[in-house]
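# Architecture and fold: a report
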Amino acid sequence: SRPNNDRSLMIVVLDFGGGLVSGDEIRLKFHVKSGASATITSQSTTKAFKTIIGRPDTFLCTDVMVEEGALLALVPQPIQCYNESKLRQETSITLTYASSRNNLAPSLLFVDWYTGGGRSLDHGNWKFNSFHTCTELKWLNIDSGKISTIFKDQSILAGGDELSRHMRAFNIVCLVLLVGPRVANVADKLIKQFSSRGHYEGSCSNGHNGAVGLDHNRDQLLVSCGSFPLVPGIEGEGVLVRIAARSMEQASVFLSCYIGDLDGQLEEDPFEDILSTHQVINTQKRINCETSSEEISLSCGLLKLPLQAAAESANKGNQNVSKYSSLQALVSPMCLYQLVDSSSPTGGFAHSNTLEAACQLHFINENYPLLQYVWEVLLQTTTTMIPFLVRSCRLFQEPENASGSISWGVLVDAW
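Below is a summary of the structure that appears in this document. Going along each chain's sequence as written, the residues are numbered from 1 onward. Local features in a predicted model are, by the rule used here, given only for residues with pLDDT of at least 70; side-chain atom pairs are given and counted only at 80 or more, and totals for whole chains, interfaces and linings are based on all residues. Side-chain measures were taken over the full set of non-hydrogen atoms in the model, leaving aside hydrogen atoms and water.

Each helix is a run of DSSP H or I of at least 4 residues and each strand a run of E of at least 2, with the numbering of both proceeding from the N terminus. When you line up the elements, threonine 115 lands in strand S9 (residues 107–115). Classification of threonine 115 as buried rests on a relative accessible area of 5%. Here, two residues are considered to be in contact whenever any of their heavy atoms come within 4.5 Å of each other. If we ignore the near neighbours within four places in the chain, the residues touching threonine 115 are Pro78, Ile79, Gln80, Cys81, Trp126, Asn171 and Ile172. Working definition: with a 1.4 Å probe on protein chains only, accessible area under 20% of the residue-type maximum means buried, over 50% means exposed, and in between means partly exposed.

And the structure:
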């Protein structure tokens with residue numbers, strides 16, 4: 001659509017209305033010239049259906065370049081992976097700048113979100129075979145021709161009952177990236193409200209938990225916010241927001257409330273268009289933007305609920321809860337935590353012994369090489385994690401637990 005009042009051009013990508021199947025491959029390429037503004041969205045959700053044996057996975061590839069002073073809002077509608085589907089998605093975004101010129105840096109709003117399918121259509125959510133999404137953000141120095149990767153994130157999920165258990169009632173996961181001066185105001189507001197990295201005095205009480213940077217509001221919408229460094233010579237930092245919501249509408253309302261039309265820079269609010277009617281926005285935006293007096297800490301609250309259920313079961317006469325139920329109560333939210341945590345890349349902080357963070361902070365260098373880092377990690381593992389696992393194993397082998405049941409209180413106390 002043609003913009004009004006010199007605001008951004010709206011581009012709507014039309015895809016296959018019925019959805020995608022095995023063997024379908026879509027490649028999109030966009031180039032936003034210097035000083036231009038564009039909003040790119042899609043007509044509807046991208047649906048992936050059941051895999052056809054002998055055919056390759058469904059593949060989506062988007063390649064974008066944004067020049068100096070330009071603004072791109074890349075906001076496609078969510079991907080819906082239905083029962084037994086396989087989908088792979090790759091998004092590459094290149095921001096260009098010239099160190100010799102004092103031009104305005106390019107700006108980007110990018111939203112990548114996916115759902116677990118449809119509960120009423122294919123026997124429950126998160127039942128796809130596999131889903132793989134990869135996002136890479138790069139800076140291109142026009143003067144030197146050097147390309148620097150400043151953000152790379154990917155998630156690979158195998159669907160089924162286990163993933164459904166991990167995801168609980170949440171049916172949509174969303175990644176938002178904001179980079180550049182033209183989105184700085186919105187990014188700053190999100191950082192101030194939803195990020196608390198570096199503040200460890202928080203505790204499990206009403207209000208925001210300063211220890212983890214994760215919010216759990218009364219609508220059970222999970223939000224975290226963090227930042228990542230850009231290249232030398234570019235002011236500011238990139239901001240990433242991760243969201244887990246129960247529905248696409250809930251996530252859209254939040255994004256409309258906190259991002260919207262980027263303070264009037266976009267032709268219209270792309271998140272309002274995703275909703276079926278403007279009435280949903282008007283009635284729910286006020287609720288989601290307010291801070292609830294009943295807000296609880298995610299880190300304690302989400303873990304506390306299954307343990308409370310186990311305690312109630314024990315109080316009702318079932319003193320011995322299955323030894324696996326207490327373990328599941330603790331482990332179940334961890335996948336969800338990693339998908340929504342503001343660390344980058346997804347799950348990297350948990351599974352690489354903080355290697356990504358060490359590299360980003362330049363701790364890995366000539367004076368402290370990677371080999372030394374790996375050796376110290378191995379030493380820590382042999383003195384901490386392995387004894388912990390051995391003690392846990394022996395706990396289940398003790399005579400009083402030979403019946404295959406264990407009190408959840410004994411298990412937690414021993415750990």
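What makes two strands pair is DSSP finding at least two bridges between them. Pairing in this open sheet of five strands is mixed, and the strands run S2-S5-S8-S10-S11 from one edge to the other. Edge positions in the sheet fall to strand S2 (25–32) and strand S11 (147–157), since each of these pairs with one other strand and no more. Taken over all neighbouring pairs, the strand axes of this sheet differ in orientation by 5° on average, direction set aside. Bridge count between strand S8 (residues 86–97) and strand S10 (residues 130–141): twelve bridges; the pairing is parallel. For helices, the fitted axis covers only the stretch in contact; all axes are lines through C-alpha atoms, and the angles between them, taken along N-to-C directions, range from 0 to 180 degrees.

With that settled, consider the side chain of threonine 46. Positionally, threonine 46 belongs in strand S4 (residues 46–48). Residue classification places threonine 46 among the buried positions, given a relative accessible area of 12%.

To continue, consider the environment of tryptophan 126. With respect to the helices and strands, tryptophan 126 occurs in the loop between S9 and S10. By relative accessible area, tryptophan 126 is classed as buried at 1%. Look past the residues within four positions of tryptophan 126 in its chain and what remains in contact with it is Tyr114, Thr115, Gly116, Gly159, Gly160, Leu163, Ser164, Met167, Phe170, Asn171, Ile172 and Val173. Reaching out from tryptophan 126, the side chain makes a polar contact with the backbone oxygen of phenylalanine 170 at a distance of 2.9 Å. Here a polar contact is recorded for every N or O atom pair within 3.5 Å, except that within protein the pair must consist of a potential hydrogen donor and a potential acceptor, and residues adjacent in sequence are included only if both atoms are side-chain atoms.

Let us look at the pairing of strand S15 (residues 238–245). Among the eight residues that make up S15, eight are buried, leaving the element largely enclosed by the rest of the structure. Burial along S15 is two-sided: Gly238, Leu240, Arg242 and Ala244 facing one way and Val239, Val241, Ile243 and Ala245 facing the other are all buried. Of the strand pairs in this sheet, strand S12 (residues 172–179) and S15 are connected by seven bridges, and their pairing is antiparallel. Looking at the pairing, leucine 178 lines up with valine 239 of S15. As paired strands, strand S14 (residues 222–228) and S15 are joined by seven bridges and run antiparallel to one another.

The next point concerns unusual backbone geometry. Backbone geometry places glutamate 84, a non-glycine residue, at a positive phi of 65°. One can find glutamate 84 in the loop between strand S7 (79–81) and S8. On the basis of relative accessibility, which here comes to 32%, the residue glutamate 84 falls in the partly exposed class. A positive phi is found at leucine 262, a non-glycine position, where the angle reads about 55°. Of note, leucine 262 is situated in the loop between helix H3 (248–258) and helix H4 (270–274). Taking relative accessible area as the criterion, leucine 262 reaches 0% and is therefore assigned buried.

What makes a patch is a set of residues exposed beyond 30% relative accessible area and free of salt bridges, joined within 9 Å when like-charged and within 5 Å when nonpolar (Val, Leu, Ile, Met, Phe, Trp, Tyr). Accessibility throughout is a Shrake-Rupley quantity obtained with a 1.4 Å probe, and a residue counts as covered only by protein chains that appear here. Each reported salt bridge corresponds to a side-chain nitrogen of Lys or Arg within 4 Å of a carboxyl oxygen of Asp or Glu. Where nonpolar side chains cluster on the molecular surface, the patch consists of Leu370, Val374, Trp375, Leu378 and Leu379 and spans about 480 Å² of accessible area. Its place among the elements puts leucine 370 in helix H11 (residues 370–397). Judged by relative accessible area, leucine 370 falls into the partly exposed class, the value being 44%.

Functional significance is not addressed by these values, which are geometric in nature.
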